[in-house]
Each structure stands twice: as structure tokens, then as C-alpha cells.
Amino acid sequence: MSAVDARTALADRRPVRRRARSATLTVGLVLVGVIAVLAAVSLVWLPFAPTDTSGGRLEGPTGTHWLGTDKLGRDLMTQLMIGARIALATGAGAVAVGAVIGIAVGLAAAFASAWLDDTISAALDVVIAFPVLLLAMLIVAAQGASLGTAIIAIGLAMSAIVARLTRILTKRVLSEQYVVAARTAGTSWAGVIGQHVLPNIWPTLSVNLALQFGIAVLAEASLSYLGLGAPPPNASWGRLLQEAQATVTTAPVGAIAPGVAVVMLVVGVNFIADGLRDLGDPTRRRGA
């Protein structure tokens with residue numbers, strides 16, 4: 001194959017790659033959008049009251065109860081919609097906590113002296129060695145089970161990962177010549193952070209935070225499944241799965257519905273993270 005033919009073949013493949021990446025981002029937005037719509041609608045309307053037990057026990061899907069009822073006679077669609085609200089609130093809250101603490105610690109480590117940087121890095125490595133769920137469980141067990149505690153615990157557990165990434169990215173930016181030139185021109189360190197560091201590290205950080213959102217959703221569902229998440233009457237998807245495991249053979253919708261919802265949200269967020277990574281990577285945008 002000649003050089004001209006090779007370039008032509010590569011050019012023909014680039015639109016296909018761009019369409020594939022665009023489709024990934026679109027699918028992610030649609031999946032997350034469905035969950036977001038359920039959560040938004042639940043704020044103003046629910047099929048039934050969350051504590052309404054007037055439905056028959058373990059009914060299948062009907063025109064009145066779209067997903068059926070649970071073992072107490074509560075409407076499953078209502079529970080699922082409330083669970084969507086809790087999942088999104090947990091993901092957003094935990095990411096916010098992790099981002100604020102992680103970015104602050106990461107910047108401090110990057111600008112610190114060598115010995116302090118090494119000390120902070122060693123401490124971060126120790127924290128990262130523990131799984132997010134395990135750290136969250138320890139914090140929740142010590143503080144008591146509640147949605148707020150779960151959000152803070154998951155955010156604190158994730159902050160070490162964000163801090164280490166922030167430190168690495170910041171050090172890379174600080175080694176660039178334009179930062180040295182800015183400091184020589186009299187720009188303060190605060191100005192360097194605002195004008196050069198944060199704008200350059202944010203594309204990569206945003207991808208990581210999107211992935212952390214999915215981890216936070218799974219962690220909250222796991223905590224609720226173990227009885228350490230949002231207490232009743234909060235209808236967390238994890239608690240719905242825990243309650244449905246005893247009747248999964250007689251009323252499978254009770255387990256399938258929240259399970260599918262968790263998968264939709266986590267997969268959708270991961271697809272969005274892939275799309276953001278492609279948008280932030282010039283080589284990927286060029287189809288390299």
C-alpha cells in the first residue's frame with residue numbers, strides 16, 4: 001500500500017471513530033438523563049405516598065402499580081423514583097466533598113517542600129490502599145447510619161484518589177516554561193493556580209470525578225444493602241435489593257428494577273467519562 005493509500009484509509013476511518021465516540025457520550029447522557037428525569041419528577045409527583053401500604057403484597061406489574069408492590073404493599077415505582085433521587089444526591093454530594101478536599105490537599109502537596117510533599121504522598125498512599133467502601137463503612141459505623149453521613153464518608157474516602165491525581169497533574173504543569181515565565185513576570189502563586197494550574201488539570205480531573213460519581217453510587221447502594229446507608233423510609237436502591245432478595249423467585253421485579261437502575265446510572269456515567277476524556281484529548285479528537 002502506498003503512502004497516499006494509507007493516508008486515504010486513515011482518513012476514511014476517522015469519521016467512524018468520531019461517530020463511535022459521539023455515540024458513547026450520547027448513550028451515557030441518555031442513560032443518566034432517564035435517571036435524572038425520574039429523580040426530578042419524584043420531587044413534585046409520585047404515583048403513591050412512600051409509606052402507602054394499600055397495595056397487595058408482592059403484586060406483579062399492573063396498570064395501577066407499574067412495577068408491582070413489595071412485601072409490605074408499597075408501590076415499587078414510587079420506591080424506585082425516590083431511590084433515583086438518593087443515588088444522584090449521593091453521587092453529586094460525595095464527588096463535591098471529594099473534589100474540594102482532594103484538590104486542596106493535592107495542591108498543597110504539589111507546592112509543599114520536598115519532605116512535606118513526601119509525607120503527604122505517603123499518607124495518601126496508605127488511605128488509597130483501603131477500598132472506598134471499607135473506609136466508608138468504618139466512618140458510617142462510627143458516626144451512625146444516615147444519608148448525610150454516607151455522603152461525607154464516601155467523599156472523604158474518595159478524596160485521597162483526587163488528591164494524588166491533583167498533585168501529579170499540578171507538578172506537571174508547574175514544570176512547564178510558561179509557568180516559570182509567569183513567576184518571573186511577577187505573577188503570584190495564587191495567580192498561577194487560577195490562571196495556569198486549574199485550567200490545565202481540570203479536563204483530566206473532570207473525567208476522574210465522573211468515574212468517582214459511579215463509584216459513589218455503588219458505594220451508597222452497598223452501604224444501604226448492609227444497613228449502613230439511608231435509613232427507612234428512604235428508598236435507596238441498595239435497600240430495595242436487600243429487601244427483595246428473600247422474594248426474588250416469587251417477585252423478581254423487586255430485585256430486577258433497582259438492579260437495572262444501578263447499572264444504567266453507573267454505565268451511563270462511565271460512558272460520559274469516556275466521552276469527556278475523548279473531548280479533552282487532542283490526539284483522540286484528531287482520530288489518532
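Residues numbered from 1 in each chain as written. Predicted model: local features only at pLDDT ≥ 70, side-chain atom pairs only at ≥ 80, totals over all residues. Heavy atoms only, no water.

### Observations concerning the overall build of the chain
Looking only at helices and strands, one finds 10 helices and zero strands in the chain. Counting helices and strands in the order they occur from the N terminus, the chain gives α-α-α-α-α-α-α-α-α-α. Residue burial in the chain is summarised as follows: out of 288 residues, 42% are buried. As presented, the chain carries roughly 14100 Å² of accessible surface, and 68% of it is formed by carbon and sulfur atoms. (Helix = DSSP H or I, 4+ residues; strand = E, 2+ residues; numbered from the N terminus. Buried < 20%, exposed > 50% of the residue type's maximum accessible area, 1.4 Å probe, protein only. Areas by Shrake-Rupley, 256 points an atom, 1.4 Å probe, with all protein chains shown as cover.)

### Observations regarding the pattern of salt bridges
A full pass over the atoms with the stated rule returns seven salt bridges. Measuring nitrogen to oxygen at the nearest pair gives 3.3 Å for the salt bridge that ties Lys 171 to Asp 117. Here Asp 117 lies in helix H3 (residues 114-129) and Lys 171 lies in helix H5 (residues 147-174), a separation of 54 residues in the sequence. Judged by relative accessible area, which is 5%, Asp 117 ranks as buried. The residue Arg 164 makes a salt bridge to Asp 125 at a minimum N-O spacing of 3.5 Å. (Salt bridge = Lys/Arg side-chain N within 4 Å of Asp/Glu carboxyl O.)

### Some words on H3
Note: α-helices contain 3.6 residues per turn, so residues at a spacing of three or four share the same orientation. Compared with an ideal rise of 1.5 Å per residue, which puts 16 residues at 22 Å, H3 spans 22 Å between its outermost C-alpha atoms and is within 8% of the ideal. Against the buried residues of H3 lie helix H2 (76-111) and H5. (Expected span 1.5 Å × (residues − 1). Contact = heavy atoms within 4.5 Å.)

### Some points on H5
The terminal C-alpha atoms of H5, which comprises 28 residues, lie 39 Å apart, in line with the 40 Å expected from a rise of 1.5 Å per residue. Taking the largest bend as the criterion, H5 deviates by roughly 30°, centred on Met 158. (Bend = angle between axes of the 7 residues up to and from the residue.)

### Re the packing of helix H4 (residues 132-143) against helix H7 (residues 189-225)
Where H4 contacts H7, the two axes come as close as 10 Å, and the packing angle between them is 50°. It follows that H4 is oblique to H7 by the angle criterion. The way H4 lies across H7 gives a crossing that is right-handed. Residues Val 132, Leu 133, Ala 136, Met 137 and Val 140 of H4 form the contact with H7, whose participating residues are Ile 215, Ala 219, Ser 222 and Leu 223. (Axes fitted to C-alpha atoms, helices over the stretch in contact; angles between N-to-C directions. Parallel < 35°, antiparallel > 145°, perpendicular 65-115°, else oblique. Left-handed = near helix turned anticlockwise from the far one by under 90°.)

### A few points about the packing of aromatic side chains
Tallied over the full model, the rule gives two aromatic pairs. With centroids separated by 6.3 Å and ring planes inclined at 40°, the aromatic side chains of Trp 45 and Trp 66 adopt a geometry described as tilted. On the criterion of sequence distance, the pair formed by Trp 45 in the loop between helix H1 (3-44) and H2 and Trp 66 in the loop between H1 and H2 is long-range, its members being 21 residues apart. Judged by relative accessible area, Trp 45 falls into the partly exposed class, the value being 42%. Centroid distance Phe 111 to Trp 189: 5.1 Å. Interplanar angle 75°. Geometry classified as edge-to-face. Of this pair, Phe 111 sits in helix H2 while Trp 189 sits in helix H7, and the two are 78 residues apart along the sequence. Under the relative-accessibility criterion, Phe 111 is labelled partly exposed at 30%. (Phe/Tyr/Trp six-rings, centres within 6.5 Å; stacked < 30°, edge-to-face > 60°.)

### Quick notes on the nonpolar core
Most often, soluble globular proteins have nonpolar side chains that are buried together. Ranked by size, the top nonpolar core spans 58 residues in total, and within it Ile 154, Met 158, Val 197, Phe 213, Trp 237 and Leu 265 carry the most contacts. When residues of this core are traced back to their parent elements, those giving at least two are H1, H2, H4, H5, H7, helix H8 (237-244) and helix H9 (253-280). Broken down by element, the residue count for this core peaks at 14 residues, all from H2. Ignoring sequence-local partners within four residues, the contact set of Ile 154 consists of Thr 90, Ala 94, Val 132, Ala 136, Ala 216, Ala 219, Glu 220 and Leu 223. The next biggest cluster of nonpolar side chains, apart from the first, holds five residues, and it includes Ala 109, Ile 120, Leu 124 and Ala 160. (Core = buried A, V, L, I, M, F, W, Y, C linked by side-chain atoms within 4.5 Å.)

### Topic: the packing of helix H6 (residues 177-184) against H7
Between H6 and H7, whose axes approach to 10 Å, the crossing angle comes to 160°. The angle between H6 and H7 places the two elements in the roughly antiparallel class. Considering the relative orientation of H6 and H7, their crossing is right-handed. Along its contact with H6, which presents Tyr 178, Val 179, Ala 182 and Arg 183, the element H7 presents Trp 189, Val 192, His 196 and Asn 200. Within the contact of H6 with H7, the residues separate by chemical class into five nonpolar, two polar and one charged. (Nonpolar A, V, L, I, M, F, W, Y, C, P; charged D, E, K, R; others polar.)

### Observations concerning the UniProt feature "transmembrane region" (unreviewed entry) in the chain
According to UniProt, the feature "transmembrane region" (unreviewed entry) maps to residues 23-48, 86-110, 122-141, 147-166, 210-230 and 251-273 in the numbering used here. This span, residues 23-48, is 85% helix and 0% strand, and a straight line between its end C-alpha atoms measures 36 Å. Structurally, residues 147-166 is divided into 100% helix and 0% strand, and its ends, taken at the C-alpha atoms, are 28 Å apart. (UniProt positions renumbered as here; feature names shortened; annotations may be inferred.)

### Side note on the side chain of Asp 75
As for its position among the elements, Asp 75 is in the loop between H1 and H2. Nearest to the buried, unbridged Asp 75 among oppositely charged side chains is Arg 74, at 10 Å. Within polar-contact distance, the side chain of Asp 75 engages the backbone nitrogen of Met 77 at 3.4 Å. A distance of 2.8 Å separates the side chain of Asp 75 from the backbone nitrogen of Thr 78, its partner in a polar contact. Each residue touching Asp 75, except ones within four places of it in the same chain, is listed here: Pro 47, Phe 48, Asp 52, Thr 64, His 65, Trp 66, Gly 68 and Thr 69. (Lys, Arg positive; Asp, Glu negative; His and termini not counted. Polar contact = N/O pair within 3.5 Å; in protein donor to acceptor, adjacent residues only side chain to side chain.)

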